[in-house]
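Structural overview
So the chains spell out like this:
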Amino acid sequence: MKVKSYFPIFDNQPDLVYLDSAATTQKPQSVIEAIVNYYSKNCSNVHRGMYYLAEQATADYEASRTKVKVFLNAKKDKEIIFTSGTTAALNLVGYAFLAPRLNSGQEIVVSLAEHHSNFVIWQQLAIKNNCRLRVCRLDENYRLDLEHLSQLLTERTALIAINHVSNITGTINPIKAIATLAKRYSIPVVVDGAQAVAHLPVDVADLGVDFYCFSGHKVYGPTGTGILYANEKYLNQMEPWLLGGDMISKVGLDSSAWNEPPYRFEAGTPNVAGVIGLGAAMDFMTSLNWQSIAKREEDLLGQLTSGLASRNLEIFIPESHRSALVSFAVENIHPHDIVSLLAEKNVAARAGFHCAEPFHRAQAKNHGTVRFSLGIYNDQVDVKAGLDALDYALETMRAYA
Ligand SMILES: Cc1ncc(COP(=O)(O)O)c(C=O)c1O
């Protein structure tokens, strides 16, 4: 069975050439059905209902937690906190974990290739607490300069916040090695896994990291869902961030007491349908053969990259240790013009700073880039269509130059 046939969008949009999976992935039928099933058969709020529907919805919601735990190889269900996405998960680490323990003069280490979600929160916490944001350089091959990172780490470092896979260069960062470096000063490590989870197996125990975040919608699940994995050792040290229902154990007129983790960090009615859909996405992912996905995506990326290189474009991608996306710039042509012309050929791609302005300012001469990104449904026909459409865009723009 062709992978595309699991995804109804390709039946409904037969001409679509979807090369924008880093922005969001398409959804398999099983995920769509899980959501429809919840709304049409089991719709109820979770946790405090005594009737059948509520019990079923709660069981399905909690089953998703266990599925994510297994997917990430976390130890306990309570280490899995549902959020609305990677952005919310990183902010949760910022406000629930870091802010209460951050002292003036400390430092937070990030890289130049972070998405704004894993940059602005740390920059702002640093500003508010009289701390310093330290930004690790990339080498000439768009990989993290590990020597620089090592120099940045000191007893003043309060946190390392780093992406697993960059959403601009596709570089796969050596997270295990970074976690080992961090242990020298017992520095907690938070990983932005938004671009990793759909492309590599992630094992938080093996990586040795304290926090790992991802978005459901980038791993064939619903929008509005996300995960914060938080190592058990930190759960009780974290302050609740959002206050309200479900996160309390007792409320008096003068004080309140908090529920146990993970509920302490899931205030209010959660995205029940989304979380159940995320569980179906986890089932979908665990049914796949990672080695063959990785090989297939690597082959397609090779085809794409050599196609771009032969067109003399500036490509921002490392030679190795890279995942399923490639960004490029075309001299004297605005990236928005390129993607508008690609759209005329039904090719969906993305242009701009990709929420990574510091990288573009430093490495791409202040310009935006065009990004092609792959998902498991893409094939050689898509890549060829993307490159043909690019030729059309370049010819059209050059005719006006
Ligand atoms: C590397 C990276 N981090 C964080 C995010 C933010 O994810 P979300 O918008 O789902 O919260 C993205 C989204 O593109 C991303 O690519």
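The rules behind the values
- The written sequence of each chain sets the order in which its residues are numbered from 1.
- pLDDT decides what is reported in this predicted model: residues at 70 or higher carry local features, side-chain atom pairs at 80 or more are listed and counted, and totals for whole chains, interfaces and linings draw on all residues regardless.
- Excluded from the side-chain calculations are hydrogens and water; all other atoms, namely the structure's heavy atoms, are used.
- Strands are runs of DSSP state E lasting at least 2 residues, helices are runs of H or I lasting at least 4, and numbering of each runs from the N terminus.
- The quantity called the radius of gyration is restricted to C-alpha atoms. Its globule counterpart is 2.2 Å times the number of residues to the power 0.38.
- Using a 1.4 Å probe on the protein chains alone, a residue whose accessible area is under 20% of its type maximum counts as buried, one over 50% counts as exposed, and one in between counts as partly exposed.
- Segmentation into domains, and thus their bounds, comes from an automatic or database assignment.
- Throughout, a contact is declared for two residues whenever any of their heavy atoms are within 4.5 Å.
- As used here, buried area is the combined drop in accessible area, with a 1.4 Å probe, of two parts when they are placed together.
- Salt bridge, as applied in this entry: a Lys or Arg side-chain nitrogen positioned within 4 Å of an Asp or Glu carboxyl oxygen.
- For this analysis, a polar contact is any N or O atom pair within 3.5 Å, provided that within protein one partner can donate a hydrogen and the other can accept it, and provided that sequence-adjacent residues contribute only side-chain to side-chain pairs.
- Each residue is assigned to one class: nonpolar for Ala, Val, Leu, Ile, Met, Phe, Trp, Tyr, Cys and Pro, charged for Asp, Glu, Lys and Arg, and polar for all the others, Gly among them.
- By disulfide we mean two sulfur atoms from cysteines, separated by a distance within 2.5 Å.
- Cavities and pockets are defined on a 1 Å grid built over the protein atoms alone: a cavity is a set of grid points where a 1.4 Å probe fits but cannot escape, while a pocket is an open set with protein on both sides within 12 Å along at least five of seven lines, and lining residues are those with an atom within 4 Å of any such point.
- Grid points are joined across faces, edges and corners, and a volume is the space filled by probe spheres set on the points.
- This arc corresponds to the set of directions leading from the helix axis out to the C-beta atoms.

1. Things to note about the overall build of the chain
Assigned secondary structure in the chain consists of 14 helices and 15 strands. A globule of 401 residues ought to have a C-alpha radius of gyration of about 21 Å, and the chain, at 22 Å, matches this closely. Projected onto its principal axes, the C-alpha coordinates of the chain cover approximately 70 × 55 × 35 Å. Residue burial in the chain is summarised as follows: out of 401 residues, 56% are buried.

2. Thoughts on the domain arrangement of the chain
Domain boundaries assigned for the chain yield domain 1 (3-19 + 289-400) and domain 2 (30-286). Inter-centroid distance (C-alpha atoms) of domain 1 to domain 2 is 28 Å. Each partner contributes residues to the interface: domain 1 has 32 residues there, and domain 2 has 29 residues. Both sides together, the interface formed by domain 1 and domain 2 hides about 2,600 Å², and carbon and sulfur atoms give 63% of it. Here domain 1 and domain 2 share 0 salt bridges between them. Viewed at the interface, domain 2 and domain 1 are joined by 12 residue pairs in polar contact (both at pLDDT 80 or more). Every element with two or more residues in the side of domain 1 that touches domain 2 is listed here: helix 11 (290-309), strand 12 (325-329), helix 13 (357-363) and strand 15 (369-373). In terms of residue count, the dominant contributor to the side of domain 1 that touches domain 2 is helix 13 (6 residues). Taken together, the residues of the side of domain 1 that touches domain 2 break down into 18 nonpolar, 9 polar and 5 charged.

3. Topic: the state of the cysteines
Per the stated rule, a full pass over the model turns up 0 disulfides. Cys136 takes part in no disulfide bond, and the closest cysteine sulfur to it belongs to Cys131, at a distance of 19 Å.

4. Considering the layout of surface pockets
Approximately 400 Å³ is the volume found for the largest pocket. Ala329, Val330, Glu331, Ile333 and His367 are, among the 22 residues lining the largest pocket, the residues nearest its centre. Contributions of two or more residues to the lining of the largest pocket are made by strand 12, helix 12 (335-344) and strand 15. Considering only residue class, the lining of the largest pocket consists of 9 nonpolar, 9 polar and 4 charged.

5. Section: helix 12
By the burial criterion, the buried members of helix 12 are Pro335, Ile338, Val339, Leu341 and Leu342. Buried residues in helix 12, looked at end-on, bunch into an arc of 160°, giving them a common side. Turning to helix 12, the residues buried within the fold contact strand 13 (347-348), strand 14 (350-352), strand 15 and helix 14 (380-400). Directly after helix 12, the chain includes Asn346, whose backbone phi takes a positive value near 65°.

6. Quick word on empty space enclosed by the protein
Considering all chains together, one arrives at 2 cavities of 30 Å³ or more under this definition. Surrounding the largest cavity, Ala113, Leu138, Tyr142, Arg143, Leu144, Asn163, Ser166, Thr169, Thr171 and Asn173 form its lining. Class assignment of the residues belonging to the lining of the largest cavity gives a composition of 4 nonpolar, 5 polar and 1 charged. The space that makes up the second largest cavity amounts to roughly 30 Å³.

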